[in-house]
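Structural overview
Listed here are the chains, written in short residue letters.
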Amino acid sequence: MAAHGFGIFLGVVAILGTLVLQAQCNEEKHLIKDLFTGYNKNIRPVVHPEDKVEVQIKLTLTNLISLNEKEETLMTNVWIEIQWSDYRLVWNASDYYGIEIIRVPCNTVWLPDIVLENNIDGKFDVAYYANVLISNTGWMYWLPPAIYRSTCAIEITYFPFDYQNCTLAFRSQTYSANEVDLILAVGETAETIEWVDIDPEAFTENGEWAIVHRPARKMINKRYSPDDLEYQEILFNLIIQRKPLFYVINIILPCSLISSLVVLAYFLPAQAGGQKLTVSISVLLAQTVFLFLIAQKVPETSLSVPLIGKYLIFVMSVTTLIATNQIVVLNFSLRSPNTHTMSYSIKHLFLEMVPRFLGMSPLVEEGEETAEVNGVRERRRSSFGLMQRAEEYVLKQPRSEMMFDKQRERHGLTRSVVDNIDVSSTANLYKSLAQAAPEIKQCVDACNFIAESTRQQNDIGSEIESWVLIGKMIDKVCFWAAILLFIIGTVGIFLTGHFNQAPELPFPGENKRYVPS
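Residues numbered from 1 in each chain as written. Predicted model: local features only at pLDDT ≥ 70, side-chain atom pairs only at ≥ 80, totals over all residues. Heavy atoms only, no water.

**Description of the overall build of the protein chain**
In terms of helices and strands, the protein chain carries 10 helices and 15 strands. Residues counted as buried form 38% of the 517 residues belonging to the protein chain. Put simply, 74% of the contacts in the protein chain that link residues at least 6 apart link residues at least 24 apart. When the accessible surface of the protein chain is summed, it comes to about 29,500 Å², and 60% of that surface belongs to carbon and sulfur atoms. (Helix = DSSP H or I, 4+ residues; strand = E, 2+ residues; numbered from the N terminus. Buried < 20%, exposed > 50% of the residue type's maximum accessible area, 1.4 Å probe, protein only. Contact = heavy atoms within 4.5 Å. Areas by Shrake-Rupley, 256 points an atom, 1.4 Å probe, with all protein chains shown as cover.)

**Observations regarding the pattern of salt bridges**
Going through the model one piece at a time under the given rule, you end up with 14 salt bridges. Between Arg-88 and Asp-86 there is a salt bridge, with its nearest N and O atoms 3.1 Å apart. With a shortest N-O distance of 2.7 Å, Lys-512 and Glu-194 are connected by a salt bridge. On the criterion of sequence distance, the pair formed by Lys-512 in the segment after α10 (438-498) and Glu-194 in the loop between β9 (180-184) and β10 (197-198) is long-range, its members being 318 residues apart. For Lys-512, a relative accessible area of 35% corresponds to the partly exposed category. The exposure class of Glu-194 is partly exposed, given its relative accessible area of 22%. (Salt bridge = Lys/Arg side-chain N within 4 Å of Asp/Glu carboxyl O.)

**Some points on the packing of helix α3 (residues 273-297) against helix α4 (residues 307-333)**
Running from N to C, α3 and α4 point in directions that differ by 165°, and their axes come no closer than 10 Å. In terms of orientation, α3 lies roughly antiparallel with respect to α4. Seen from above, α3 lies across α4 with left-handed handedness. Along its contact with α3, which presents Gly-273, Lys-276, Leu-277, Ser-280, Val-283, Leu-284, Gln-287, Thr-288, Phe-290, Leu-291 and Ile-294, the element α4 presents Ile-308, Gly-309, Leu-312, Val-315, Met-316, Thr-319, Thr-320, Ile-322, Ala-323, Gln-326, Ile-327 and Leu-330. For the contact of α3 with α4, the per-class residue count stands at 14 nonpolar, 8 polar and 1 charged. (Axes fitted to C-alpha atoms, helices over the stretch in contact; angles between N-to-C directions. Parallel < 35°, antiparallel > 145°, perpendicular 65-115°, else oblique. Left-handed = near helix turned anticlockwise from the far one by under 90°. Nonpolar A, V, L, I, M, F, W, Y, C, P; charged D, E, K, R; others polar.)

**Observations regarding a nonpolar patch on the surface**
On the surface, Leu-245, Ile-249, Leu-253 and Leu-257 cluster together to form a nonpolar patch covering roughly 400 Å² of accessible area. Mapped onto the elements, Leu-253 comes out in helix α2 (residues 245-261). (Patch = residues over 30% accessible without salt bridge, like charges linked within 9 Å, V, L, I, M, F, W, Y side chains within 5 Å.)

**Structural notes on the packing of α2 against α3**
Two elements in contact, α2 and α3, have axes separated by 9 Å at closest approach and are oriented at 160°. Classified by the angle between their axes, α2 and α3 sit roughly antiparallel to one another. Considering the relative orientation of α2 and α3, their crossing is left-handed. Along its contact with α2, which presents Tyr-247, Asn-250, Ile-251, Pro-254, Cys-255, Ile-258, Ser-259 and Leu-261, the element α3 presents Val-279, Val-283, Ala-286, Gln-287, Phe-290, Ile-294 and Lys-297. Taken together, the residues of the contact of α2 with α3 break down into 11 nonpolar, 3 polar and 1 charged.

**Observations concerning the state of the cysteines**
Scanning all chains against the criterion turns up 1 disulfide. Put simply, Cys-152 and Cys-166 are joined by a disulfide, and their sulfur atoms are 1.9 Å apart. Taking the sign of the S-S torsion, -75° for the link of Cys-152 and Cys-166, the bridge is left-handed. Of the two residues, Cys-152 is situated in the loop between β7 (145-151) and β8 (163-172) and Cys-166 in strand β8; the sequence distance between them amounts to 14 residues. Neither residue differs from the other here; Cys-152 and Cys-166 are each classed as buried. (Disulfide = S-S within 2.5 Å.)

**Side note on the pairing of strand β3 (residues 101-104)**
The two faces of β3 differ: Ile-102 and Val-104 on one face are buried, but Ile-101 and Arg-103 on the other face are not. As defined by bridge partners, β3 adjoins strand β5 (residues 132-135) across 4 bridges and the pair is classed as antiparallel. Paired with Ile-102 across the strands is Ile-134, a residue of β5. (Pairing = 2+ DSSP bridges.)

**Some points on α2**
Between the first and last C-alpha of α2 there are 23 Å, a value that for 17 residues agrees with the 24 Å anticipated at 1.5 Å per step. Along α2, the sharpest change in direction is near 35° and occurs at Ile-252; proline Pro-254 comes one to four residues later. Among the residues of α2, Tyr-247, Ile-251, Ile-252, Cys-255, Ser-256 and Ser-259 are the ones counted as buried. (Expected span 1.5 Å × (residues − 1). Bend = angle between axes of the 7 residues up to and from the residue.)

The following block contains the structure:
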């Protein structure tokens, strides 16, 4: 019996609850019917025509999707919060079962027609037309989501160590400043929200860009009158700094390593000009490919050259200079006495002064002699003097053996002939031997011819060797010059990009950070 009574009690409670809920739903329906009876959404919610509708705007960023440098387009995912007051939609909550907030479709109420002015795709509308929340005081709250593609002027001077300042400009599409007053939203603490709001839980960080500043402010264009639509607008700025790690790993580092290979061509012999040019041209082609990749990334503008483009032009210029230098070195290394005459100043400069400058010992032997033949200076190495002294020694050696009688008999020379020979010098010995024995004169002439031919060949080989040494010295000087130029140029160019950081304050001349306090 008790259980039966308890079941009846639960049934009565359920019926009463259903009746109350139905009554409340009917009251909300009755409320909406009462509010919108005679309501015209095309009329501004003001009592007098000269009155202004105050519209508050707030932007909440949920995702910085991308920044397309080529198209100069910023794509963002945002929630745009718009609030205003409509005196026609006010009711007493106690008359409608305490209902304080209702939700109605946005196309049934007056809207301030706020659009993104600098959109690039012509889509002024939001992504989803959410309902409008209406409170019993007539306060209207609309929070539609949107994916905007806005224009963003790209400054590529320091690419990829750059920062960009992109702006989202909002204004009313149909109402002037005399009809609608656009202001920034006010927070719960009566503080004006002068920044782009970011919800840490809903925000997705971009892998290429870091947000440095996100100020918001109202802009008055003095060039227009309050009757013009362009007179007022709300600007939301996003000052973003690029994260250059991707470009450092995939472009800058490979380009630097490939460019450094051209310096290693100096370690090849001076005569290996073909191999050196092959290395230089291969590196130059690789640098051209990198330059083509960069050209596809940045906008097609002639206002400035990106930093990485300057670096590629620099290393391409260095590679071209090195290739030119290798041709010059090859020209010096393959010279011979038949094609060029080596002057004393060139030999002194490259074989004496340059080695001393590089911390090396001079490449000219101390025993070299200088002679002048027909007005042309010739330098003979000490080896020729040694050869002449050896020749004299060979010719004079029999003179010491002839001092002994038994030795003279062994050579078949009579005392009378030997006694008449003058051995005071090589020339006198040659004449005496020519008088004593014509056969010996012929042998000596043959030896002199062989010695002269050997000396001439040695002269030619010595001068060719000197040209090769000059080529090597030019190689060494240009090697250190190329190393210094490459290092100083690379460090200097990229240091300028490293110090190109976003400013501490978003707007020059204003000591204000536009951040939550």
